[in-house]
Amino acid sequence: MYTPHPDRYADMPYRRTGRSGLKLPALSLGLWHNFGPDRPVDVQRAILRRAFDLGVTHFDLANNYGPPPGAAESALGDALKADFAHHRDELIVSTKAGYLMWPGPYGEWGSRKYLLSSLDQSLGRMGLDHVDIFYSHRPDPETPLEETMGALHSAVQQGKALYVGVSNYSAEQTREAARILAELGTPLLIHQPRYSMLDRRPEDEGLLDTLDELQVGSIAYSPLEQGLLTGRYLDGIPEDSRAASDSPFLSADKVTEDLVGRLRTLDEIAESRGQSLAQLALAWVLRGGRVTSALIGASSPRQLEDSVAAIGDLEFTEDELARIDAVVKA
């Protein structure tokens, strides 16, 4: 029987999310690609247990995570029942809806029918009566934003979600979503953008400035840029890597000689700080407290531990930041 570590809250920093009372751990666990039936259940359980022992109290999902879609939520549901039944109130569980889940015109995007049906399915897979955060996973160009935000508001009114968020929305879309939700009486809690040292669109396109102005929290996904910032590609493309597979998220042609050279220089900066490249990348996203939390994936407890060690040094000198910018922006 699993017994959580008694000192699990000793080291992890917890950051207030926007202007809410909710605090998230600086690092949250994303159950994206390592919680399907192709992964041993004992490894999945070991990752979740180790995460909780290290103070990672937030498990982030979406209806389509697995693979196949729905598998990650089912895996978490089994783990919640087996290991965390007495600790549900110590956990933040989030899920999303927006991408394709079932055939036909009602199986994706942002309609009220799809979002609320998907949430009911997600709750069933996880064995929960509510999630802590429910997201619109992507904006729908063909559905009025009032309908999509109205569905999020309904999820809260129905007691099926405590908070709501958006993901992959532009600064302008986020501002309008926040306005609509405020009028309905359900504040926008958080935005989940893609953000890393190599992908700075939230900075460049004004999203982070907008979130600061609106006092909305943020949680960055892909802070390790699909594994590029883990150090695995310092000598090219490993045979068992994502870039060597048929993954749609990272193709081999993106791992250029120039990029590998930049990664090696970033690794040298990390080494000078006493960190791995992955730890440097996570610390960079979390620098200054502007981002509430960063999402990490893990294929093993050891990989998880390496990522969590990044919280040991989240401070950067001006010289270090300038050196990183010189490498990335050159």
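Thoughts on the overall build of the protein chain
For step 1, the next point in the chain: Looking only at helices and strands, the protein chain has eleven helices and ten strands in total.
For step 2, the next point in the chain: The C-alpha radius of gyration computed for the protein chain amounts to 19 Å, which stays within 12% of the reference 20 Å derived for 330 residues, consistent with globular compactness.
For step 3, the next point in the chain: Seen along its three principal axes, the alpha-carbon backbone of the protein chain occupies a region of about 50 × 50 × 40 Å.
For step 4, the next point in the chain: The long-range share in the protein chain, meaning contacts at least 24 apart out of those at least 6 apart in sequence, stands at 75%.
For step 5, the next point in the chain: Accessible surface for the protein chain amounts to roughly 14600 Å². Of this, 49% is attributable to carbon and sulfur atoms.
For step 6, the next point in the chain: Positive and negative charge centroids in the protein chain, built from 33 and 48 side chains respectively, lie 3 Å apart.

Observations concerning the sheet that holds strand 4 (residues 58–60)
Strand-to-strand pairing in sheets goes through backbone hydrogen bonds, with the strands running parallel or antiparallel.
For step 1, the next point in the chain: Pairing is parallel around the closed barrel formed by eight strands, whose spatial order is 3-4-5-6-7-8-9-10. The average angle at which neighbouring strand axes cross in this sheet is 30 degrees, direction not considered.
For step 2, the next point in the chain: Here helix 9 (residues 277–286) sits on the sheet and contacts strand 3 (27–30), strand 9 (217–220) and strand 10 (293–296); the angle it forms with strand 10, its principal contact strand, is near 150 degrees.

A word on the packing of helix 2 (residues 71–83) against helix 3 (residues 112–126)
For step 1, the next point in the chain: Across the interface, helix 2 lies against helix 3 with an axial gap of 7 Å and an inter-helix angle of 40 degrees. Accordingly, the angle class assigned to the pair helix 2 and helix 3 is oblique. Seen from helix 2, the contacting residues are E73, S74, L76, G77 and L80; seen from helix 3, they are S122, R125 and M126.

Quick look at the pattern of salt bridges
For step 1, the next point in the chain: Counted by the stated rule, this structure contains 21 salt bridges.
For step 2, the next point in the chain: R175 is the salt-bridge partner of E213, the closest N and O atoms lying 3.0 Å from each other. One end of the pair, E213, is in helix 7 (residues 207–214); the other, R175, is in helix 5 (residues 171–184), and 38 residues separate them in sequence.
For step 3, the next point in the chain: Its salt-bridge partner being R179, residue E183 comes within 2.8 Å of it at the nearest N-O pair. With a gap of four residues between them, E183 and R179 both fall in helix 5, about one helical turn apart.
For step 4, the next point in the chain: For E183, a relative accessible area of 61% puts it in the exposed group.
For step 5, the next point in the chain: One continuous salt-bridge network, built from bridges that share partners, spans R194, D199, R201 and E225.

Regarding unusual backbone geometry
For step 1, the next point in the chain: For the bond running from G66 to P67, omega is -10 degrees, close enough to zero to count as cis.
For step 2, the next point in the chain: With respect to the helices and strands, the residue P67 is situated in the loop between strand 4 and helix 2.
For step 3, the next point in the chain: P68 follows P67 through a cis peptide bond whose omega is -5 degrees.
For step 4, the next point in the chain: Note on placement: P68 falls in the loop between strand 4 and helix 2.
For step 5, the next point in the chain: Positive phi values are uncommon outside glycine, yet S222 reaches one of about 55 degrees.
For step 6, the next point in the chain: What makes S222 buried here is its relative accessible area of 14%.
For step 7, the next point in the chain: With a phi close to 50 degrees, E225 is a non-glycine residue in the positive phi region.
For step 8, the next point in the chain: Within the element layout of this structure, E225 appears in the loop between strand 9 and helix 8 (257–272).
For step 9, the next point in the chain: Classification of E225 as buried rests on a relative accessible area of 10%.

Scoring rules and cut-offs
- Residues numbered from 1 in each chain as written.
- Predicted model: local features only at pLDDT ≥ 70, side-chain atom pairs only at ≥ 80, totals over all residues.
- Heavy atoms only, no water.
- Helix = DSSP H or I, 4+ residues; strand = E, 2+ residues; numbered from the N terminus.
- Rg over C-alpha atoms; globule rule 2.2 N^0.38 Å.
- Contact = heavy atoms within 4.5 Å.
- Areas by Shrake-Rupley, 256 points an atom, 1.4 Å probe, with all protein chains shown as cover.
- Lys, Arg positive; Asp, Glu negative; His and termini not counted.
- Charge placed at Lys NZ, Arg CZ, Asp CG, Glu CD.
- Pairing = 2+ DSSP bridges.
- Axes fitted to C-alpha atoms, helices over the stretch in contact; angles between N-to-C directions.
- Parallel < 35°, antiparallel > 145°, perpendicular 65-115°, else oblique.
- Salt bridge = Lys/Arg side-chain N within 4 Å of Asp/Glu carboxyl O.
- Buried < 20%, exposed > 50% of the residue type's maximum accessible area, 1.4 Å probe, protein only.

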